[in-house]
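# Architecture and fold: a report
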Amino acid sequence: MAIQIKSLEELKIMRRAGLLVGQTLDLLKASIKVGMRTDALDAIAAANIKRGGGTSNFKGYHGYPATICISINDEIVHGIPGNRIIEDGDVVSIDCGAIIEGWHGDAAFSIGVGKVDPADQKLMDVCEESMWRGIAAGKQGAKLTDIGHAIEEYIKSQGKYGILQEYGGHGIGTEMHQEPHVLNFGKPGNGPEIVAGLALAIEPMITRGSAKTKVLSDDWTVVSQDKSRGAHFENSYVICPDGKPFVLTALDGGASRLNSYGISISNLL
Ligand code: MF3
Ligand code: CO
């Protein structure tokens with residue numbers, strides 16, 4: 001399928017979906033506590049998406065059984081909520097999406113719960129900053145692989161982290177996963193041009209060790225082979241018709257983080 005270019009009217013609906021995802025993740029961030037079951041967080045997300053007039057795009061996706069993915073420590077992405085209890089010092093990654101009027105949002109964050117190892121905090125900070133640098137690099141007129149290049153360059157400048165190779169970002173719109181696939185590494189200057197109306201989910205996934213992963217017998221949970229801890233951050237963003245970016249899943253549209261690179265966000269959404 002070709003890359004889907006969205007009109008301003010369509011982007012306005014996508015913003016509603018993205019905002020609901022951002023608000024749901026904010027609520028989960030405020031709710032997560034040591035001693036909590038992971039499926040209690042799933043229930044909070046499901047109720048909030050319903051309250052906001054949306055539906056889950058994760059539930060039923062290739063048979064996925066829940067509203068969020070929750071991945072702890074050496075689990076990097078696609079962990080299934082259940083009876084696992086969150087423990088002191090855990091690195092918890094939560095991924096969530098929603099649909100409003102047929103348009104999708106998708107975002108994720110990692111957080112340390114309780115007393116956090118400083119090396120884990122650095123892992124998460126590096127992952128988050130690399131996501132913002134990827135979004136900043138994906139400006140109008142840039143080429144798609146400029147994004148992954150910026151992500152990889154930043155991560156490599158911060159230490160020895162594994163960047164997952166088998167998973168990456170993606171176009172997003174009337175489906176959660178659309179073309180193009182967005183690698184989190186590679187040479188700049190290749191691939192399609194970043195143009196107005198292109199919406200992308202940018203989602204670096206890194207570990208404190210090797211980038212090698214395997215999928216557990218539940219057929220979903222992606223873990224590091226060397227048991228090193230992982231982090232995952234994701235936002236969905238778009239280039240608006242005025243040529244400026246807008247981060248659909250960030251409460252402030254990405255203003256504060258992008259302004260720190262001298263980038264102003266669109267005021268069309
Ligand atoms: N939201 C994930 C992504 O970032 C995909 C989740 S898979 C699902 O692309 F099955 F949980 F939906
Ligand atoms: Co995604």
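See the structure shown above.
Read on for a plain summary of the structure. Just so you know, the residues in each chain are numbered from 1, in the order the chain's sequence is written. Chain labels run from A onward and ligand labels from 1 onward, assigned in the order the entries are written. pLDDT decides what is reported in this predicted model: residues at 70 or higher carry local features, side-chain atom pairs at 80 or more are listed and counted, and totals for whole chains, interfaces and linings draw on all residues regardless. Side-chain metrics in this entry use all non-hydrogen atoms of the structure; hydrogen atoms and water are not considered.

### Considerations on the sheet that holds strand β7 (residues 178-182)
Across the sheet, 5 strands lie side by side as β7-β6-β8-β13-β14; this open sheet has antiparallel pairing. Two strands bound the open sheet, and with one partner strand each, they are β7 and β14 (245-247). Taking each pair of neighbouring strands and ignoring which way they run, the sheet shows an average axis angle of 25°. One ladder, built from 4 bridges, connects strand β8 (residues 199-202) with strand β13 (residues 235-239); its direction is antiparallel. Each residue of the ladder has a partner; that of Leu200, found in β13, is Tyr237. Should DSSP find at least two bridges between two strands, the strands are taken to pair. Per the convention used, a helix needs a DSSP run of H or I reaching at least four residues, while a strand needs a run of E reaching at least two, with both numbered from the N terminus. Only the stretch in contact is used when fitting a helix axis, every axis being a line fitted to C-alpha atoms; angles between N-to-C directions are given from 0 to 180 degrees.

### So, the pairing of strand β3 (residues 91-100)
Along a regular strand, successive side chains alternate from one face of the sheet to the other. The element β3 is extensively covered by neighbouring structure, given that 10 of its 10 residues are classed as buried. With a 1.4 Å probe rolled over the protein chains alone, any residue whose accessible area is under 20% of its type maximum counts as buried; one over 50% counts as exposed, and the rest are partly exposed. The two faces of β3 match: Val91, Ser93, Asp95, Gly97 and Ile99 on one face and Val92, Ile94, Cys96, Ala98 and Ile100 on the other face are all buried. As defined by bridge partners, strand β1 (residues 68-72) adjoins β3 across 5 bridges and the pair is classed as antiparallel. Opposite Ile72, over in β3, you have Val92 as the bridge partner.

### What to know about the coordination of the cobalt ion (ligand 2)
Only N, O and S atoms count as donors, using a 2.8 Å limit from the metal and a wider 3.2 Å limit for Na, K and Ca, and since water is excluded some coordination spheres may look unfilled. The coordination sphere of the cobalt ion (ligand 2) contains the protein donors Asp106 (OD), His170 (NE2), Glu203 (OE) and Glu234 (OE), at a distance range of 2.0 to 2.2 Å. Sites are called tetrahedral only when four donors show all angles between 85 and 135 degrees, square planar or octahedral only when four or six donors show opposite pairs over 155 degrees and all other angles between 65 and 115, and irregular in any remaining case. The site at the cobalt ion (ligand 2) holds 6 donor atoms, and with the angles between them running 53 to 172°, its shape is irregular. Considered as a linear motif, the donors of the cobalt ion (ligand 2) on their single chain read D-x63-H-x32-E-x30-E. With His170 in strand β6 (residues 169-171) and Glu234 in the loop between β12 (230-232) and β13, this pair connects stretches of sequence that are 64 residues apart.

### Let's talk about the site of ligand 1
Residue proximity to a molecule or strand is established when one non-hydrogen atom of the residue lies within 4 Å of it. Neighbouring ligand 1 are 13 residues, the closest being Phe58, Asp106, His177, Glu203 and Glu234. We define a polar contact as two N or O atoms separated by no more than 3.5 Å, with the added condition that, inside protein, one atom must be a possible hydrogen donor and the other a possible acceptor, whereas residues neighbouring each other in sequence contribute only through side-chain atom pairs. Between ligand 1 and the protein, one listed contact pairs a nitrogen atom with a side-chain N or O atom of Asp95 at 3.1 Å. His177 places a polar side-chain atom, nitrogen or oxygen, 2.6 Å from an oxygen atom of ligand 1. The protein chains hide 97% of the 330 Å² of surface that ligand 1 would expose on its own. Cavity: a set of points on a 1 Å grid over the protein atoms alone where a 1.4 Å probe fits but cannot get out. Pocket: an open set with protein on both sides within 12 Å along at least five of seven lines, its lining residues, like those of a cavity, having an atom within 4 Å of a point. Being in a pocket or cavity means that more than half of the molecule's atoms lie within 2 Å of its grid points. Taken atom by atom, the bulk of ligand 1 overlaps the largest pocket. The protein chains shown are the only cover counted for residues, whose accessible areas, like all others here, come from Shrake-Rupley with a 1.4 Å probe.

### Points about the side chain of Asn235
Topologically, Asn235 is positioned in strand β13. You can call Asn235 buried: its relative accessible area is 8%. In this structure the side chain of Asn235 is engaged in a polar contact, spanning 2.7 Å, whose partner is the side chain of Thr249. Note on contacts: a residue pair qualifies if any of its non-hydrogen atoms lie within 4.5 Å across the two residues. In this structure, Asn235 is in contact with Asp106, Ala107, Met131, Trp132, Ile135, Leu200, Ala201, Ile202, Val247, Thr249 and Ala250, ignoring residues within four places of it in sequence.

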